[in-house]
Amino acid sequence: MFSRIPLLEHYDTRIEDISYVIVWFRVVNEDGVLEPRWTTFIGIANLWFMVTSSFVCVIFFGIKCYTKITKALKHSKMSSYYARSIQKQLFQALVLQTLVPVVLMYVPFGVLYMFPMLNIEVGFISTFVTATIEVYPAVDPLPTMFIVDNFRKTILCGCRNPNKKEEVSELQNRSKTVS
């Protein structure tokens, strides 16, 4: 209902007849010259502020978390090579899992908005953005799966020889029956 009434009143268009909505960055003035539409630029600036502030928070709290855990492990009597190793692996996975949405969603989407703001035609880039956003859910868990040793070993052992556990248990059963 939020969009239905203004579209009907201002443009004499029913929302059911619309297949897509665009962001209108520039309008033609009385002289036929394109002028920026400042309300749209303010709205996009608000979007950029929200995205940037979330990145600043992620970076700030990620570094803070890493330094506190590192200090705690140094002063802990229970810290071992394994604890430090898993902490380092999880931090690396966290960094890569932060970069995946940046590379696959925020940067392409930012380019998709930035070019029209600069009055540059986007062209085929819009289809590329759709593809990267669709690939994101499949790519997001991969850093953890391949950086953390236990996950990686489990995945690689299962891929190399999926029947390995069955073969090992069968060999153990044979050796018990022979002896």
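Since this is a predicted model, take the numbers as computed values, not measurements.

Visitor: Looking at this structure, how should I read the packing of helix 3 (residues 81-117) against helix 4 (residues 125-139)?
Guide: Helix-helix packing is described using two parameters, namely the angle between the two axes and the distance between the axes. At their nearest, the axes of helix 3 and helix 4 sit 9 Å apart, and the two run at 160° to each other. The orientation of helix 3 with respect to helix 4, classified from their angle, is roughly antiparallel. Regarding helix 3 and helix 4, the two cross each other, and that crossing is left-handed. Touching Val-100, Pro-101, Leu-104, Met-105, Pro-108, Phe-109, Val-111, Leu-112 and Phe-115 of helix 3 are Ile-125, Ser-126, Val-129, Thr-132, Ile-133, Tyr-136 and Val-139, all from helix 4. For the contact of helix 3 with helix 4, the class distribution of residues is 14 nonpolar, 2 polar and no charged.

Visitor: Would you mind going over the side chain of Thr-144 with me for this structure?
Guide: Locating Thr-144 in the fold gives a position in helix 5 (residues 142-147). The class for Thr-144 is buried, based on a relative accessible area of 17%. A distance of 3.4 Å separates polar atoms of two side chains, one belonging to Thr-144 and the other to Gln-97. Residues in contact with Thr-144, not counting those within four places in the same chain, are Ala-93, Gln-97 and Phe-151.

Visitor: What should I look at first to understand the side chain of Gln-89 in this one?
Guide: Structurally, Gln-89 can be placed in helix 3. In this structure Gln-89 touches Ile-147, Val-148 and Asp-149, once residues within four positions along its chain are discounted.

Visitor: In this structure, what is going on with a positive patch on the surface? I would like to understand it.
Guide: Taken together, the side chains of Lys-64, Lys-68, Lys-71, Lys-74 and Arg-84 present a region of like positive charge at the surface. Among the elements that make up the positive patch, the one with the highest residue count is helix 2 (residues 38-75) (4 residues). By secondary structure assignment, the location of Lys-64 is in helix 2. Note on Lys-64: relative accessible area 39%, which makes it partly exposed.

Visitor: How do you make sense of the UniProt feature "transmembrane region" (unreviewed entry) in the protein when you look at a structure like this?
Guide: Mapped onto the present numbering, the UniProt feature "transmembrane region" (unreviewed entry) falls at residues 47-69 and 90-115. Taken as a whole, residues 47-69 contains 100% helix and 0% strand, while its terminal C-alpha atoms sit 33 Å from one another.

Visitor: Would you explain the environment of Val-139 in this entry?
Guide: By the element assignment, Val-139 lies in helix 4. Among the residues examined, Val-139 registers a relative accessible area of 24% and is labelled partly exposed. Separated by 39 residues in the primary sequence, Val-139 and Val-100 have C-alpha atoms spaced 7.5 Å apart. Leave out the neighbours within four places in its chain, and Val-139 touches Val-100 and Leu-104.

Visitor: What am I meant to see in a nonpolar patch on the surface here?
Guide: Together, Leu-47, Phe-49, Met-50, Phe-109 and Ile-133 line one region of the surface with nonpolar side chains, adding up to about 460 Å² of accessible area. Tracing the chain through its elements places Phe-49 in helix 2.

Reading the values: rules and limits
- Per-chain numbering applies: the sequence of each chain, read as written, is numbered from 1 onward.
- At least 70 in pLDDT is required for a residue's local features to be given in this predicted model, at least 80 for side-chain atom pairs to be given and counted, and no such filter applies to totals for whole chains, interfaces and linings, which use all residues.
- Side-chain descriptors were evaluated using all non-hydrogen atoms of the structure, hydrogens and water having been removed beforehand.
- Comment: axis = line fitted to C-alpha atoms, over the contacting stretch for helices; angle = value between 0 and 180 degrees taken between N-to-C directions.
- Put simply, DSSP H or I for four residues or longer makes a helix, DSSP E for two residues or longer makes a strand, and each gets a number counted from the N terminus.
- Should an angle lie under 35 degrees it is considered roughly parallel, over 145 roughly antiparallel, and from 65 to 115 roughly perpendicular; all remaining angles are considered oblique.
- Left-handed describes a crossing whose near helix is turned anticlockwise from the far helix by less than a right angle; the clockwise case is right-handed.
- Working rule for contacts: check all heavy atoms of both residues, and any pair within 4.5 Å makes them a contact.
- When residue character is reported, Ala, Val, Leu, Ile, Met, Phe, Trp, Tyr, Cys and Pro are called nonpolar, Asp, Glu, Lys and Arg charged, and the others, Gly included, polar.
- We call a residue buried when its accessible area falls under 20% of the maximum for its residue type, exposed when it is over 50%, and partly exposed in between, using a 1.4 Å probe and counting protein chains only.
- Polar contacts, as counted here, are pairs of nitrogen or oxygen atoms within 3.5 Å of one another; within protein the pair requires one atom able to donate a hydrogen and one able to accept it, and residues that are adjacent in sequence qualify only if both atoms are side-chain atoms.
- What goes into a patch is any residue over 30% in relative accessible area without a salt bridge, connected to like charges within 9 Å or, for nonpolar side chains (Val, Leu, Ile, Met, Phe, Trp, Tyr), within 5 Å.
- To measure how exposed things are, a 1.4 Å probe is used in the Shrake-Rupley method; for residues, cover is taken only from the protein chains shown.
- Each salt bridge in this description consists of a side-chain nitrogen of Lys or Arg and a carboxyl oxygen of Asp or Glu lying within 4 Å of one another.
- The charge count treats Lys and Arg as positive and Asp and Glu as negative. His and the chain ends do not count.
- For the purpose of locating charges, the reference atoms are NZ of Lys, CZ of Arg, CG of Asp and CD of Glu.
- UniProt positions are given in the numbering used here, feature names are shortened, and annotations may be inferred rather than shown by experiment.

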